[in-house]
Amino acid sequence: MFKQPKSFILIILLYALGYYGWIVTFSDSQFLEALGGNIFSIAGLLIALLYLRIAIKWADSNDRKFWLLITFGTFCYLIAELIWFFTENIFHKNVAFPGWPDVFYILQVIFLLYALIYKILKDAAIQQRISFLFDVMIILVVASTFSWHFLIEPILDTSAATMNALIVSLIYPLGDLGMLVAASFLFFNLTSKDKSLSMYLIIAAVTIQAIADSVYLYLIAQDTYISGSLIDPLFIIAMIVLAFSGLQHQPNTISTTLTTHHEKLNIFQMLTPYGGVLILFVFMGFHSRSFDIVTVGSGLSILLVITRQVLIIIENHKLVRRYYDQAQTLELSEERYKSLFEYHPDPVYSTDLKGQFDSANTACSDLLGVSKTDLMGQNSLRYVKDTHRMTVAEELKEVFKGMPRSYETVVENAFGSSMYMNITNVPIIVQNEIVGIFGIGKDVTEIKRNEQRIQYLAYHDALTGLFNRLAFEERLLKLIKSDSFHPPSNVSLFFMDLNQFKAVNDTLGHDVGDQLLKAVARRLQSFDADFDMMARQGGDEFTLLLKNVKSYEQLHRMANQLLSTLQAPYEIANHMISCPPSIGISCYPTDASSMLEMLQHADLAMYRAKDIPSGSYVLYDELQHMPS
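This text gives an overview of the structure that appears in the document. Keep in mind that what you see is a predicted model, and the values were worked out from it rather than measured. (Residues numbered from 1 in each chain as written. Predicted model: local features only at pLDDT ≥ 70, side-chain atom pairs only at ≥ 80, totals over all residues. Heavy atoms only, no water.)

**Digging into the packing of aromatic side chains**
Next up, step 1: Applying the stated rule across the entire model yields 15 aromatic pairs.
Next up, step 2: Centre to centre, the rings of Y19 and F40 are 5.2 Å apart; their planes meet at 20 degrees, and the pair counts as stacked. A residue pair is termed long-range when its members are at least 10 positions apart, and Y19 in helix α1 (residues 5-25) and F40 in helix α2 (residues 30-58) qualify at 21 residues.
Next up, step 3: When its relative accessible area of 0% is taken as the criterion, Y19 is described as buried.
Next up, step 4: Measuring from centroid to centroid gives 5.6 Å for F85 and F86, while their planes differ by 80 degrees, and the two rings are edge-to-face. (Phe/Tyr/Trp six-rings, centres within 6.5 Å; stacked < 30°, edge-to-face > 60°. Helix = DSSP H or I, 4+ residues; strand = E, 2+ residues; numbered from the N terminus. Buried < 20%, exposed > 50% of the residue type's maximum accessible area, 1.4 Å probe, protein only.)

**Here we look at the packing of α2 against helix α3 (residues 61-90)**
Next up, step 1: Between α2 and α3, whose axes approach to 9 Å, the crossing angle comes to 160 degrees. Between α2 and α3, the crossing angle belongs to the class labelled roughly antiparallel. In terms of crossing hand, the pair formed by α2 and α3 is left-handed.
Next up, step 2: Broken down by class, the residue content of the contact of α2 with α3 amounts to 20 nonpolar, five polar and four charged. (Axes fitted to C-alpha atoms, helices over the stretch in contact; angles between N-to-C directions. Parallel < 35°, antiparallel > 145°, perpendicular 65-115°, else oblique. Left-handed = near helix turned anticlockwise from the far one by under 90°. Nonpolar A, V, L, I, M, F, W, Y, C, P; charged D, E, K, R; others polar.)

**Some remarks on the pairing of strand β2 (residues 357-360)**
Next up, step 1: When strand β1 (residues 348-351) meets β2, the two strands line up antiparallel, connected through three bridges. Bridged to T351 within β2 is F357.
Next up, step 2: Linkage of β1 to β2, two consecutive antiparallel strands, is achieved through a turn of five residues, within which G355 is found at a positive phi near 80 degrees. (Pairing = 2+ DSSP bridges.)

**Brief notes about a nonpolar patch on the surface**
Next up, step 1: On the surface, a nonpolar cluster with roughly 370 Å² of combined accessible area is contributed by L82, F86, I90 and F91.
Next up, step 2: Mapped onto the secondary structure, F86 falls in helix α3. (Patch = residues over 30% accessible without salt bridge, like charges linked within 9 Å, V, L, I, M, F, W, Y side chains within 5 Å. Areas by Shrake-Rupley, 256 points an atom, 1.4 Å probe, with all protein chains shown as cover. Salt bridge = Lys/Arg side-chain N within 4 Å of Asp/Glu carboxyl O.)

**Notes on the pattern of salt bridges**
Next up, step 1: All chains considered together, the criterion is met by 13 salt bridges.
Next up, step 2: We note a salt bridge from D346 to K442, for which the minimum N-O separation is 3.7 Å. A residue pair is termed long-range when its members are at least 10 positions apart, and D346 in the loop between α10 (293-342) and β1 and K442 in strand β5 (residues 433-443) qualify at 96 residues.
Next up, step 3: With relative accessibility at 16%, the residue D346 sits in the buried group.
Next up, step 4: Residues R475 and D532 are paired through a salt bridge, measuring 2.6 Å at the closest nitrogen-oxygen approach. Here the residue R475 occupies a position in helix α15 (residues 469-482), and D532 occupies one in the loop between α17 (510-524) and β7 (533-538), the gap between them amounting to 57 residues.
Next up, step 5: Residue D532 is classed as partly exposed on the basis of its relative accessible area, which comes to 27%.

In structure tokens:
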């Protein structure tokens, strides 16, 4: 309600015009002037309480106490005005000074001062709190001294004032001065985040209240105050302004940016208490009945103490600023490190000298399937696969010697999944001493799988899963070369071709042909333990390597077993397909002295076997003795 400043300004103007208009209009009638003034005061305080009720509802937990204290003070003010109204306008009696209204007026000042001090101490650092409290005590001592000299003492000399009147007369100026000091402290210590309409309204309201109180006390002391005075609206306007400031208050939000500057030294705040002491001493000197060397020495001593204290404050401020700048640099560095650490897409962690986790980012926690809290204190080797732990432990030993290391290992997470990780470990060195290890991991599982897939495809036939021609030739060449340094191992090459395969492709289609090749490969794999390698050369041609052959009888036995297995019909796509093989066999070193000769001789023997119906095999050695 009425949150917009324009609406509020209109309300204040209308209220002030109405209040002052009534006082001026009925200035000739003391009763009507007082009646209207009291009614306007009560109405204004009710408006203020309505504003404060909304302010408390909107305030966050940090500021709710401040507005509650302001509300209590306003309520006390309302009680005082009601007492004044009933005493003066209903019972037609003069309001005594001091009387019950003064009790609640003083309570209002106390609550208001308490609220201001609470706000200052809540927002200030501990050092500022202590300094502020001492400054306030110094100022109050000075103010009390002057108040006693100029106000209380004349009353004591010229009238039979009661002790209560003296106490009230002293409380009012002290309270007003305390509010002025608090308002000044708030104004001269405003930071960029505090500079808001709400804060300026609070300072303005407190200042108006303190000035009005001081004028009121002066009029009371001169016995010239009457109800409905021109200062009365100022009290109520101050409370309305103060209450409205609560509607302009914005709840504190957590800043996401660093403070970029340090507040400058406040000369006003620094010199005010000491200036008051100096003025008091000068005043004492002028009113002293004797002026001797003791007075001069005391004055110089006080002046030197004040000068020394000011210089210490300035030096302390420089130290605080230097500390602040270094803290800002450190905080900025820490924020950058935290951003690099926490938001790094790869797992990042650190361990102590025992290898136990002492920090980990979200990516690391997600990879291992363990929360950050549960991960702390666990040994990092726990998540390394058993077969890799010894290797990783050796790598960590090198890191603890001060040597950065990069290596690959296999990590198992809490769910049992394995991942290939590329780990980079660097030592954490503090004051030339290794205190832990910093690690960055890179999940290379997909890369490893792709490498394995590429490696597999490079040496395997994509259709049948057997080795391909490249792998076969490399293996055969290796066996032949190894025999150059060792006694011959009698390597035999089986070169196999499927009879009638072209007819199957032409009549039943290539899909059936591919399924037939797969079926042949499956039957060949049943001999995996007997042969050193089996491969598909391409088309319907297959090669098999048999090493350490002892005799020709062994070759005949293996060839007959192959024929027996491969001659049986294949049931593919509801077709019974008979596709017996023809096999040519050559041996090293008896039939050939090189890989190329072995392939050529086995090929010749295979083509000779094709002349034999229903599939057969021919050894190259026997081919030399067969009629052409």
